[in-house]
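Per-entry structural report
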Amino acid sequence: MAGRLFIISGSSGVGKGTVIKEFLKNADNIYLSVSTTTRNPREGEVHGVNYFYVNKDDFKKAVENGDFLEWAEFGGNCYGTSRSAVEKTLKEGKNVLLEIEVQGAKQVKEKMPEAVTIFILPPSIEEIEKRLRGRGTETEEAIAKRLKAIKFESQEAQHYDYKVVNDLVERAADEISKIYEKHKG
Ligand code: 5GP
């Protein structure tokens, strides 16, 4: 039996990465897809682990080749999901998790309506601002851009199958585990 595709969205700064990591610790037979991006690696990020980092020309070529299941521009950079990697993993009967933003999620859901979509919501916008500033890696301009995107993205939550509020990491991860157990292939 083919695996099932799961999509998690939620703006950067809502602690999405931490929740996903916690969820994956306890979940079996699900694989996080490694995206391709034109943005620069952040400190500690590793090529092939966090992302495949490419330049704009190579990204464009991949788009033209039809290499991406979906792709989108976000915060001035491009991000895309490898079509072949996802299809291969699903065919092997493994479940796949995409951690992508809303435009990409929409593209995938249109092509693969059986995909299960989950949106992680922050407890409040003030909380996100605090987390983004606390990270200390972004400029004021970048933070303002992010906050605008978060407000826009939160409106998109209504189109997702499930909404999970990240009030506490363990609790949010547990809620995702329950959704996963219910739908996994
Ligand atoms: P970051 O730069 O903080 O790693 O990611 C920025 C945004 O891009 C996040 O919302 C993340 O979920 C999204 N993203 C990461 N990979 C992909 C992808 O392959 N496709 C799309 N559409 N969004 C992605």
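Here we summarise the structure given alongside this text. Predicted, not measured: the structure shown is a model, and the values here were computed from it.

Here we take up the side chain of Arg39. When you line up the elements, Arg39 lands in the loop between β3 (35–37) and β4 (51–53). Owing to a relative accessible area of 9%, Arg39 belongs among the buried residues under this scheme. A polar contact of 2.8 Å, which involves the side chain of Arg39, links it to the side chain of Glu45.

Looking at the secondary structure, you find Asp57 in helix α2 (residues 56–65). Classification of Asp57 as exposed rests on a relative accessible area of 54%. It is 9.3 Å that separates the C-alpha atoms of Asp57 and Thr38, two residues lying 19 residues apart in sequence.

Here the focus is helix α7 (residues 169–183). For α7, spanning 15 residues, the distance from its first C-alpha to its last is 21 Å, which sits close to the expected 21 Å at 1.5 Å a residue. Those residues of α7 that are buried are in contact with β1 (5–9), α1 (16–26), β2 (30–32), β7 (95–99), β8 (116–121) and β9 (162–165).

This part covers the nonpolar core. Counting residues in hydrophobic clusters, the biggest one holds 23 residues, and the most contacted among them are Ile8, Phe23, Ile30, Leu97 and Ile176. When contributions to this core are tallied by element, the ones reaching two or more residues are β1, α1, β8, α5 (125–135), α6 (140–156) and α7. Sort the elements by how many residues they give to this core and α7 lands first, with five residues. With near-sequence residues (within four places) excluded, Ile176 lies in contact with Ile8, Val19, Phe23, Ile118, Ile120 and Val164. Counting 17 residues, the second largest nonpolar core, distinct from the first, contains Val86, Ile100, Val102 and Leu121.

Among all positions of helix α3 (residues 83–91), only Val86, Thr89 and Leu90 are buried. Mapping the buried residues of α3 onto a view down its axis gives an arc of 100°, with all of them on the same face. Exposed residues pointing more than 90 degrees away from the buried face of α3 are listed as Ser84, Lys88 and Lys91. Close packing links the buried residues of α3 with β1, β2, β5 (68–74), β6 (77–82) and β7. Directly after α3, the chain includes Gly93, whose backbone phi takes a positive value near 85°.

Before going further, it helps to spend a moment on the pattern of salt bridges. Applying the stated criterion across every chain yields a total of 20 salt bridges. Between Arg42 and Glu138 there is a salt bridge, and its shortest N-O distance comes to 3.9 Å. Taken together, the residues span a long stretch of sequence, with Arg42 in the loop between β3 and β4 and Glu138 in the loop between α5 and α6 at a distance of 96 residues. The class of Arg42 is partly exposed, set by a relative accessible area of 28%. The shortest N-O distance in the salt bridge between Arg133 and Glu140 comes to 2.6 Å.

Time to look at the site of the ligand. The full set close to the ligand counts 17 residues, and Ser35, Arg39, Tyr51, Tyr79 and Glu101 are the nearest of them. At 2.7 Å, a side-chain N or O of Glu70 approaches a nitrogen atom of the ligand. Considering the ligand on its own, with 510 Å² of exposed area, one finds that the protein chains cover 96% of that surface. Residue assignment for the shell around the ligand shows that the elements contributing at least two residues are β5 and β6. Residue composition of the shell around the ligand, by class: five nonpolar, five polar and seven charged.

Calculation rules
Residues numbered from 1 in each chain as written. Predicted model: local features only at pLDDT ≥ 70, side-chain atom pairs only at ≥ 80, totals over all residues. Heavy atoms only, no water. Helix = DSSP H or I, 4+ residues; strand = E, 2+ residues; numbered from the N terminus. Buried < 20%, exposed > 50% of the residue type's maximum accessible area, 1.4 Å probe, protein only. Polar contact = N/O pair within 3.5 Å; in protein donor to acceptor, adjacent residues only side chain to side chain. Expected span 1.5 Å × (residues − 1). Contact = heavy atoms within 4.5 Å. Core = buried A, V, L, I, M, F, W, Y, C linked by side-chain atoms within 4.5 Å. Arc of directions from axis to C-beta. Salt bridge = Lys/Arg side-chain N within 4 Å of Asp/Glu carboxyl O. Near = heavy atom within 4 Å. Areas by Shrake-Rupley, 256 points an atom, 1.4 Å probe, with all protein chains shown as cover. Nonpolar A, V, L, I, M, F, W, Y, C, P; charged D, E, K, R; others polar.

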